[in-house]
Amino acid sequence: MLGTYDVLIAGATVYDGTGAPGRKADVAVKGGRIAEVGQNIQATAARRIDAANLAVSPGFIDAHAHSEFGLFINPPGESQVGQGITTEIAGQCGFSPFPLSSRACRHSFFWPDPRRPEWPELDWQDAAGYFKRARSRGMGMNLVPFLGHLSARAEVVGDEDRPLLPAELRRLLQIIDDALAQGAPGLSSGVAYKPSTAADAAELTDCCRVLSRHGGVYAAHVRSYEAGALAAVKEAVEVAAAAGVPLQVSHLSVAGRANWGQGAAAFEYIAAERRRGRRITADVIPYPTQGLWWGPRIVLPSRFKYDWRQAWGPQARRIQGELQAAGAVERLARELEAHPLTDEAAELKLRPEDLWAGLHIVSAGAAGADLVGLPLEEAAARRGVTPGRLWATLLAADGEAMGTVLFSTDEADFQAAARDPGTAFCTDTIATSPDLVGASFCGIQSHPRHWGTFPRVLGLYVREQGILTLAEAIRRMTALPAATFGLTGRGVVRAGCWADLVVFDPLRVGERGTYTSAVAYPAGIEMVLVNGRIAYEAGRFTGELAGRLLTRDELSA
Ligand SMILES: [Zn+2]
């Protein structure tokens, strides 16, 4: 029987996203929007949900992630939708899928190997072309497609990481102007990555001046998240201020024990600049660990030609083969004992002593099965060998099965992020599905944050540790990023807004994935609505592709 409303969520405790405490109310949905919020709504509905013991909040907004290509392979994006994310701010760290000349298309580490069979034909060139293609496929959540400075720069210089000549700078600014005019709703940068490390503050300021003419946020992956982090945040703040654009500091946490404390200092600095009237917000990945590709990246000597942008499996099999040669394991073990950090790790300013204590084994073949969960240092002590020798041995025994995760950030720095009222949360992942992950997806191995970032905050940091109130945590996941990115009509539970909603159990919500077994829908997320349609319910994606691509005109529509 069809009723007055499409969906009626009855008797829930509503956290409206503004930071106001929860209050009992019914929420009625019709035609994609929230039709009514009130007590004892007397109306029929095609679907009525008794939510007496549950909470309702706006759908979560992932302030920083990379699903701009991933949704082409896997439109539902279950890993994101299943944790309550209804909108993702994508195209981050300087990487976007436009503009896309053949010359530049290699410049994304979220980029397809074009030989991979699951990738669609790359038949667009500019922002408008990508938008059209993305809209033709459907998607499980809303996507806000930022333009990446690095991708635009690569159109001009390819992979030559050098300062631009005046004519090249003019061309770069024209490319940015065109993409923003076509509807890209913001600009991201990633000056820690080639070919944009040569982009200085003056170039970035010129780019942001173009952004200021169109409106939109400058999202900065800053120059360093290690020894130079505080200086790097200051550079981004000065660039944004000089150009007159709002700044979002991306995934702000600082790696390497020697650098601990800089995160807290950066949040203090940001707070002081905000008091001067500057529009600065940030996002944080609420985990003390880096992605799973960091182990081999910072350990394996360059002669092994490991490329962390590519999937681990095939490379591990190749490297394992090389280690079958006589004396090869011994040679690697001695190398790692003498120089346990690659050039890249040295660039990251990691200290050798941080490496073996910080790298934890999260998976291993039979030869290391009893060591899973331990830091390399402790695992090696158990075996009575050096950590370098243990690494070499496990890699030679079953490299493909071997996974490590680097614990590298400071809990006190995270607490500073949690206290900062202008800091939102992000996954910094690519949306994926239970079928796709396996050992690796787009070269990115699975980390529990793929599946549980937002529930982790609600379970661990709100319910268990009391670092944030539930209402405040919800605000950081909803109204705050909605206001930051200009998503009017989203991020609050109010009549007239889009019906992006999460129904969850505050007593049970939490991540279920772990480092050793990352792929698991979270606990306590009962239902997720995207634009008024039920996309996830009772632990399953429903098949609804109700998400929309939100270009500039549609952010506020
Ligand atoms: Zn980044």
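This structure is a prediction, so every number in the text was calculated from the model and none was measured. (Residues numbered from 1 in each chain as written. Predicted model: local features only at pLDDT ≥ 70, side-chain atom pairs only at ≥ 80, totals over all residues.)

A.B. asks: Describe in detail the overall build of the chain, supporting the description with residues and values.
C.D. replies: Scanning the chain for helices and strands turns up 20 helices and 20 strands. Residues classed as buried in the chain amount to 55% of the 557 residues present. Put simply, of all contacts in the chain between residues at least 6 apart along the chain, 76% involve residues at least 24 apart. (Helix = DSSP H or I, 4+ residues; strand = E, 2+ residues; numbered from the N terminus. Buried ≥ 20, exposed ≤ 12 C-beta atoms within 10 Å, placed from the backbone. Contact = placed C-beta atoms within 7 Å.)

A.B. asks: Please give an account of the packing of helix α6 (residues 201-214) against helix α7 (residues 229-243) that cites residues and values.
C.D. replies: Where α6 contacts α7, the axes come no closer than 8 Å and their chain directions differ by 45°. Taken as axis vectors, α6 and α7 run oblique relative to one another. Considering the relative orientation of α6 and α7, their crossing is right-handed. Along the contact surface, α6 presents A201, L204, T205, C208, R209, L211 and S212, while α7 presents E235, E238, V239, A240, A242 and A243. Classifying every residue of the contact of α6 with α7 by side-chain character gives eight nonpolar, two polar and three charged. (Axes fitted to C-alpha atoms, helices over the stretch in contact; angles between N-to-C directions. Parallel < 35°, antiparallel > 145°, perpendicular 65-115°, else oblique. Left-handed = near helix turned anticlockwise from the far one by under 90°. Nonpolar A, V, L, I, M, F, W, Y, C, P; charged D, E, K, R; others polar.)

A.B. asks: For the nonpolar core, give the residues involved together with the corresponding values.
C.D. replies: Across soluble globular proteins, nonpolar side chains show a tendency to be buried alongside one another. Within the largest apolar cluster, 134 residues are counted, with the highest numbers of intra-cluster contacts made by V27, V56 and V503. Examining the composition of this core, we find that seven residues originate from one element, α7, more than from any other. The residues touching V56, leaving out its near neighbours within four places in the chain, are I9, A12, V14, V27, A51, V493, L501 and V503. (Core = buried A, V, L, I, M, F, W, Y, C linked by C-beta atoms within 7 Å.)

A.B. asks: Could you give me a rundown of the sheet that holds strand β6 (residues 60-62), with the residues and numbers involved?
C.D. replies: What the three strands build is an open sheet, ordered β6-β7-β8; its pairing is parallel. One side of each edge strand has no neighbouring strand; the edge strands of this open sheet are β6 and β8 (142-145). Pairwise comparison of adjacent strand axes, ignoring direction, gives a mean angle of 15° for this sheet. Bridge count for strand β7 (residues 85-90) against β8 is four bridges, and the pairing is parallel. Across the sheet, residue I89 finds its bridge partner in β8, namely V144. (Pairing = 2+ DSSP bridges.)

A.B. asks: Mind laying out the packing of α7 against helix α8 (residues 262-275), listing which residues take part and the relevant values?
C.D. replies: Contact geometry for α7 and α8: axes closest at 9 Å, N-to-C directions at 25°. On the basis of the axis angle, α7 is roughly parallel to α8. α7 and α8 meet at a crossing whose hand is right-handed. Contacts between α7 and α8 involve A229, L230, V233, K234 and V237 on the former and, on the latter, Q262, A265, A266, Y269 and E273. Considered class by class, the residues forming the contact of α7 with α8 number seven nonpolar, one polar and two charged.

A.B. asks: Give a description of helix α10 (residues 312-322) that names residues and reports values.
C.D. replies: Buried within α10 are the following residues: W312, Q315, A316 and I319. Buried residues of α10, viewed axially, fall in a sector of 100°; they line one side. Every exposed residue of α10 that faces more than 90 degrees away from the buried side is listed here: P314, R317 and G321. Among the structural elements, α15 (387-398) are those in contact with the buried residues of α10. (Arc of directions from axis to C-beta.)

A.B. asks: Tell me about the environment of S446, residues and numbers included.
C.D. replies: Note on placement: S446 falls in the loop between β16 (423-425) and α17 (449-464). Separated by 73 residues in sequence, S446 and V519 place their C-alpha atoms 7.3 Å apart.

A.B. asks: Help me get a handle on the pairing of strand β17 (residues 501-504), residues and values and all.
C.D. replies: Side-chain alternation along β17 places L501 and V503 on one buried face and V502 and F504 on a second face that is also buried. Pairing geometry for strand β5 (residues 55-58) and β17, over four bridges, is antiparallel. Along β17, the bridge assignment pairs V56 with V503. Where β17 meets strand β18 (residues 525-530), four bridges bridge the pair, whose relative direction is antiparallel. Looking across to β18, one finds that L501 is bridged to L529.

A.B. asks: Can you tell me about the sheet that holds strand β11 (residues 217-221), naming the residues and giving the values?
C.D. replies: Strand order in this open sheet of six strands is β9-β10-β11-β12-β13-β16, and the pairing throughout is parallel. Unpaired on one side and paired on the other, β9 (147-148) and β16 mark the two borders of the sheet. Sheet topology note: the β11/strand β12 (residues 247-249) ladder contains three bridges and is parallel. Paired with A220 across the strands is V249, a residue of β12.

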